[in-house]
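Listed below, chain by chain, are the residues.
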2 protein chains.
Amino acid sequence: MSDTGLRVLVVDDEKAIRRYLRTSLTALGYEVLEAANGNEALQATMTDHPDILVLDLGLPDMDGVEVVRRIREWSNVPILILSVRDREDDKVVALDAGADDYLTKPFGIKELLARIRVAIRHHTPGQQDTVFEVEDLRVDLGKREVFVQGNRVALTPTEYDLIKVLVQHAGRVLTHSQLLRQVWGPAYENESHLLRVNISNLRRKIEPNPDQPRYILTEPGVGYRLRED
Amino acid sequence: MSDTGLRVLVVDDEKAIRRYLRTSLTALGYEVLEAANGNEALQATMTDHPDILVLDLGLPDMDGVEVVRRIREWSNVPILILSVRDREDDKVVALDAGADDYLTKPFGIKELLARIRVAIRHHTPGQQDTVFEVEDLRVDLGKREVFVQGNRVALTPTEYDLIKVLVQHAGRVLTHSQLLRQVWGPAYENESHLLRVNISNLRRKIEPNPDQPRYILTEPGVGYRLRED
DNA sequence: TTACTTTTTTGAGGAGTTTTCGATGAAGTC
DNA sequence: GACTTCATCGAAAACTCCTCAAAAAAGTAA
């Protein structure tokens, strides 16, 4: 099947369900990651940056809603709840905690897939919005490509993640810890040196004159901001 | 109830359901618009720009999915489907046509409201800018920017924190110790010299004539006040 | 597996800002 | 005139930011 390039993290303690979802999703071109409990889910979300989570509420080590809350402290990745609990209050609690959708087991695979498409459509804004431009800089989030004066620039994965977050909040100041949390994960919140080195490398690749940045502006004492017209 | 300022367009041919939703939603501070068929829905969406649609699929004049398609040609307003049809294919078709969620009747009102919150949360992600203005001074707390006569002024972190607190209480007197506590922390409550130096620096940056302050006014013996219109 | 390349992380130095603090003077009050 | 409050200046101390370079880790190909 066609490759969507999208990565789904399936979180469920039942191996059978994980395998079922893996088969269905892989057939449609998604890449599937798996986690069997809450801690694995949090870990995988931090390290692997999936494009969407399909999360069972009944996990052995912690409540699914708690997983949602923890992730929402630093990430907006779409979360689709899959649960046997059909009580209205359970749904309300999960949705208000930051989940994007709630599907009750047993579920139809076609509906699940349709709802995954909705969640992803939501989170990756339409093709128009995926291209960011200022002066001679062009960032195409859809194609994962960056151009300076029309020439493609090769960025490392970390550098790309960094500019992606900046583009998504173009014009706004992002604090050091916001950037560190979103690019490296919450554990790196205070590693500001890491951020500086990467900003420096990024500037060397995309700024006409890295000494006097035109695109990635330093907000002293606070963070960085990607210029916007 | 508190006013959300958000407008919901309820599309259903049954008057009883419209009235039920109007009551529930109004009680929560939403403004409710109504449409009884597809054409009214399209019309109302174009003219009234609601923040979200709650759309029944079974309409007398056209299929609900067709309404979704027509709206999606030009608008991304969140659309939440409400339908008696529980077949999986119906859901998939509606969601793929561009609907954001699908709820089967009979539905729980709390779940509906939670899903409305999700849809709105999704579609209005940007933090609104709280902008403060007096004469030639402009403080944008959302973007963390300060302008004087249209020119951006670079403030140090402390200076910005200071003006932020003043803006948040614009028009009111803030005592020395209030300002010191909020900007430097409770331990600095009595360091009024610190405050004076920073107010002075701030004035030099934002006042047309720092000798005769127009924005940051001294309240002798008490504290400082940011002027308000 | 091993060897090789690329990427990420850590370390150290220097330039530049920002914060803090003491000194001084002006203005108002008793 | 003595006392308090407020504003400003300038210098020391503390901190932030940037860069280069080396070490460690991760990825890739035979």
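Structure: see above.
It should be emphasised that the depicted structure is a prediction, and the values quoted were computed from it without experimental measurement. (Residues numbered from 1 in each chain as written. Chains lettered and ligands numbered in written order. Predicted model: local features only at pLDDT ≥ 70, side-chain atom pairs only at ≥ 80, totals over all residues. Heavy atoms only, no water.)

Details of empty space enclosed by the protein
Any space left empty among the atoms is revealed by the rolling of a water-sized probe across them.
Next up, step 1: The tally for this structure, following the rule as stated, stands at one cavity of 30 Å³ or more.
Next up, step 2: In this model, the largest cavity occupies a volume close to 90 Å³.
Next up, step 3: Contributing to the lining of the largest cavity are A:Asp100, A:Asp101, A:Arg115, A:Val118, A:Ala119, A:His122, B:Asp100, B:Asp101, B:Arg115, B:Val118, B:Ala119 and B:His122.
Next up, step 4: If you list the elements that add at least two residues to the lining of the largest cavity, you get α5 (109-123) of chain A together with α5 (109-123) of chain B. (1 Å grid on protein atoms, 1.4 Å probe; cavity = no way out; pocket = protein on both sides within 12 Å on 5 of 7 lines; lining within 4 Å. Points joined across faces, edges and corners; volume = space filled by probe spheres on them. Helix = DSSP H or I, 4+ residues; strand = E, 2+ residues; numbered from the N terminus.)

Structural notes on the pattern of salt bridges
Next up, step 1: Across all of its chains, the model carries 54 salt bridges over all chains by this definition.
Next up, step 2: Ionic contacts of the salt-bridge type, sharing partners, join the residues A:Asp86, A:Lys91, A:Asp101, A:Glu111, A:Arg115, B:Asp86, B:Lys91, B:Asp101, B:Glu111 and B:Arg115 into one network. (Salt bridge = Lys/Arg side-chain N within 4 Å of Asp/Glu carboxyl O.)

Comments concerning the protein's contact with DNA strand D
Next up, step 1: Every one of the 25 residues lining DNA strand D counts as a neighbour, but A:Arg196, A:Thr218, A:Tyr224, B:Arg196 and B:Thr218 are closest to it.
Next up, step 2: Counting only the atoms of DNA strand D within 4 Å of the protein, the fraction contributed by sugar and phosphate is 79%.
Next up, step 3: Take A:Gly221: an N or O atom from its main chain is 2.6 Å from a phosphate oxygen of DNA strand D.
Next up, step 4: Looking at the surface near DNA strand D, the elements with two or more residues in it are α8 (192-206) of chain A together with α8 (192-206) of chain B.
Next up, step 5: Per-element accounting of the surface near DNA strand D gives the leading share, six residues, to α8(B).
Next up, step 6: When the residues that make up the surface near DNA strand D are grouped by side-chain class, the tally is eight nonpolar, 10 polar and seven charged. (Near = heavy atom within 4 Å. Polar contact = N/O pair within 3.5 Å; in protein donor to acceptor, adjacent residues only side chain to side chain. Nonpolar A, V, L, I, M, F, W, Y, C, P; charged D, E, K, R; others polar.)

Things to note about the environment of A:Arg181
All names here are of chain A.
Next up, step 1: With respect to the secondary-structure elements, Arg 181 resides in helix α7 (residues 176-184).
Next up, step 2: Along the sequence, Arg 181 and Trp 74 sit 107 residues apart, while their C-alpha atoms lie 6.2 Å from each other.
Next up, step 3: When near neighbours in sequence (up to four residues on either side) are disregarded, Arg 181 contacts Glu 73, Trp 74, Pro 186 and Glu 189.
Next up, step 4: Polar side-chain contacts of Arg 181 include one of 3.0 Å to the side chain of Glu 189. (Contact = heavy atoms within 4.5 Å.)

Remarks on the protein's contact with DNA strand C
Next up, step 1: Not every one of the 16 residues close to DNA strand C is listed here, only the nearest: A:Thr156, A:Thr158, A:Trp184, B:Thr156 and B:Thr158.
Next up, step 2: The sugar-phosphate backbone supplies 64% of the atoms of DNA strand C found within 4 Å of the protein.
Next up, step 3: Interatomic distance of 2.6 Å between a side-chain N/O atom of A:Thr156 and a phosphate oxygen of DNA strand C.
Next up, step 4: Interatomic distance of 3.1 Å between a side-chain N/O atom of A:His193 and a base oxygen of DNA strand C.
Next up, step 5: Secondary structure elements with two or more residues in the surface near DNA strand C: α6 (157-168) and α8 of chain A together with α6 (157-168) and α8 of chain B.

Nothing here speaks to function; it is geometry throughout.
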